[in-house]
Structures are given as structure tokens and as C-alpha cells.
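# Commentary on secondary and tertiary structure
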Amino acid sequence: MISCQTFRANLQPGTHDADLLEHLRRCDSCLDFAVQVDPDTFFRALGGDELVPPGGVDAFVGDVMAQVRSRETETATEPRRTFTNMRRLAIAATVAAAVSTGLVVSNHRSAQAPVGVPMAVLKRPLVTKPIVETYESNNATIIEVPSEAKDDVQVVMIFDESLPVDL
Amino acid sequence: MIPTKDSLEPDDRQLVETIRRGDDSAFEQLVRRKTSKVYSLCYRIIGNAEDAKDISQLVFIKLWENLEKYDPRYAFDTWLYRMVTNVAIDFLRNKQSRDNAVNSNLRLVKTAADAEQTVTVQRKEVESVFNAVSSVLSPKQKTIFVMSEMDDLRSSEIAKILGCRESTVRNHLFNARKLMQQQLKQRFPEYSRLWEESR
């Protein structure tokens, strides 16, 4: 570190000289002098040194690594649920097609009901013709949504990356 | 750091490559190497040791999660500093909105009589004065001020870190100085006299 004499002789307002800044940050007796020469050095006095986190570097690094390992474990145990946009569209199209087919068939049956027929007679089991009657794929996941009642519309979802969007 | 005959330490880019190949111990080495640098910047921006420690740890977790995105054509420290400033600025924004809600009317104002006292600058006090007057700065202004005045980074380097123009950095610096001088005048008149005397 340069001497106080050199520092005081060379200090100019707005200095970027590394030696002068180092002295400014280490020498208490010169701080007051420096601020009189250039008030903007007032806050520059705070810089320079690399600080150590509370508890020390070892403890800090240990904490970070523990968090990293815990996240690694979480990532490894979490099932992958990433879908491509195409796959999302295919899933949405399949579900929408299945639900709307069920509704159309249901409405059609209601509209055909003869006037004056008691409700008990009208309540016939709903028969829908599935859009996909057979499906073969090694990658597909097929989920059947459980029905609450025997006559409910049966919804079946097919998850398959190769399923066409315009099914 | 470039390895020399005296040092077999891998440089930052080599360490990142090793980590990408799945070596956790290389990541530990990188964290150890950068801890003081990251913590110092966080502490100076945030002004509180415990918060700075938490934020620094968060930076390293984000670093680990995003290491695949690092482009080795650019300096690793620039990328790291960008991450630090993003996390610290987010933290300050949240903290400022919380503090504003609670302490909107609390202001320490010193009397004119205090201004007449002879000023002897005490290093310890400079820190508390900085923490007080810098509270009026926006998180970005404060970050730029700290990087320029305390980390001695040039405007061009700060611009690279923040992904903005150099003129924007200089504007933020100018405004930060102006705002802090106003605050000094209002809250620490004994120090604000230093600026008046030197002109």
C-alpha cells in the first residue's frame, strides 16, 4: 500500500487509480482528508475488500451444496410431466371430441322423446358411439374417467405424442 | 483465471464445463471461488448481512439451475454479476414496497445545529449514512452506484452486466449522486457541508 504522503500528494477528484483507492479504503487517517478533497470519495471508502458471509465461507458453501443436493433429489424423484405443444393440442382435441360427442348424443335422444311419455320411461341408458373404437400404440396412455352413474357419458382420454391433432 | 505453470486451478469456463458433465465437486469449487465476490456485492446492495447471505445462496442455486444457459463466449463473471443484480434488485423491490407500506412517514431529520459541528469522517459511520441515504434510490440506481463506486466497475462493464446502454448507466449514476446529496442535506447536514465547502 502506498504511503499517506504519496496518497495525499496524488489524490485528485474523481480518481480511478487503484493504489489511491486501496489506500483510501484502508487508511482511517486519510479518509477525512480525502473527503475534503473530493466529497464523492465519501462512499467510495466502503468498497474494495471482499467480504465474508456470516458463519464463514465453509459453512456458506456447505449450505449451498446441501440445497443443491436436496433439489437434485427432488428432481430425480419427480415424474416428468413435460408435454410438447403438439401433444397438448392432441390431448385437448381428444377430450373435447369425447365430451361433445357425448353431449350431442344425449341432446339428440332428449329431443326425440315423445310428448306425454312419463320421465321414468324417458330415462333410458345413453348409448354413445365412440370416435376411436380401437387404438393401438406402444406409447399411448389411455385413461378412462370413472362414471358416477351407470348411464353417464363415458369419457376416455388418450395421451399419445403421435396422435393427430385433427382426430 | 487462466491456468499457469504455477497454478493447476481450472478457470471459470473449464469449471462450468466440468459441472455440465455432472461433477458436483466442480460446482462446490466454483461456489467457494465466487462466494466472497457474490456476497460482497449483495451486502453492499442490500445493506444487511443476513439478507445478503440468503440472497447470495439463492444466486448460487439459480446459477446451478441455469448453468446450461451460460454461453462460454462471454465472461463468466459478467453472467454471474447479472444474476446477482437481478436477484438483489428483485429483493430490494419487494423490500422497498414492504417498507414503504410500514414506514412511509418515518424520516430521521437532523437539526440545523448539527450542521455546525466539525466533521470528522468515521468509516463505520459512512456505512450507516450510506444505508440511510441510499434508501431513496431505486433498486437499479443503488445497484449501479454500488458497482461503480464500491466495486470500481466501469460504466461499460456495468452496461454489459445489466444489458443496457452505457449512457443509461451514466444517467442512473448522475441521478443517484444527486438524490443522495439531497438526502445528506436533509438528514445528515454535517456531512452535506463537505460538498458545499469543496465547491
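This paragraph deals with the overall build of chain A. Each helix and strand in chain A was counted, giving seven helices and two strands. Helices (α) and strands (β) of chain A occur, in sequence order from the N terminus, as α-α-α-α-α-α-α-β-β. Across the 167 residues in chain A, those meeting the buried criterion constitute 15%. Within chain A, residue pairs in contact and separated by at least 24 positions form 49% of the contacts whose partners lie at least 6 positions apart.

Taken residue by residue, the interface counts 32 residues in chain B and 26 residues in chain A. Going through the elements one at a time, α2 (24–46), α3 (49–66), α6 (123–133) and α10 (189–198) of chain B are the ones with two or more residues in the side of chain B that touches chain A. Ranked by residue count, the leading element in the side of chain B that touches chain A is α2(B), at eleven residues. Residues of the side of chain B that touches chain A, tallied by class, amount to 14 nonpolar, seven polar and eleven charged.

Moving on, we get to unusual backbone geometry. The backbone of B:Asp152 sits at a positive phi, close to 55°, despite the residue not being glycine. Here B:Asp152 shows up in the loop between α7 (139–149) and α8 (155–162).

Attention now moves to helix α9 (residues 166–187) of chain B. Residue and element names in this part refer to chain B. The first and last C-alpha atoms of α9 sit 31 Å apart over 22 residues, in line with the 32 Å expected at 1.5 Å per residue. Listed as buried for α9 are Val169, His172, Ala176, Met180 and Leu184. For α9, the arc enclosing every buried residue in end-on projection is 100°, short of the 170-degree limit, so these residues lie on one face. Away from its buried face by more than 90 degrees, α9 exposes Ser167, Phe174 and Lys178.

Rules behind the numbers
Residues numbered from 1 in each chain as written. Chains lettered and ligands numbered in written order. Predicted model: local features only at pLDDT ≥ 70, side-chain atom pairs only at ≥ 80, totals over all residues. Helix = DSSP H or I, 4+ residues; strand = E, 2+ residues; numbered from the N terminus. Buried ≥ 20, exposed ≤ 12 C-beta atoms within 10 Å, placed from the backbone. Contact = placed C-beta atoms within 7 Å. Nonpolar A, V, L, I, M, F, W, Y, C, P; charged D, E, K, R; others polar. Expected span 1.5 Å × (residues − 1). Arc of directions from axis to C-beta.

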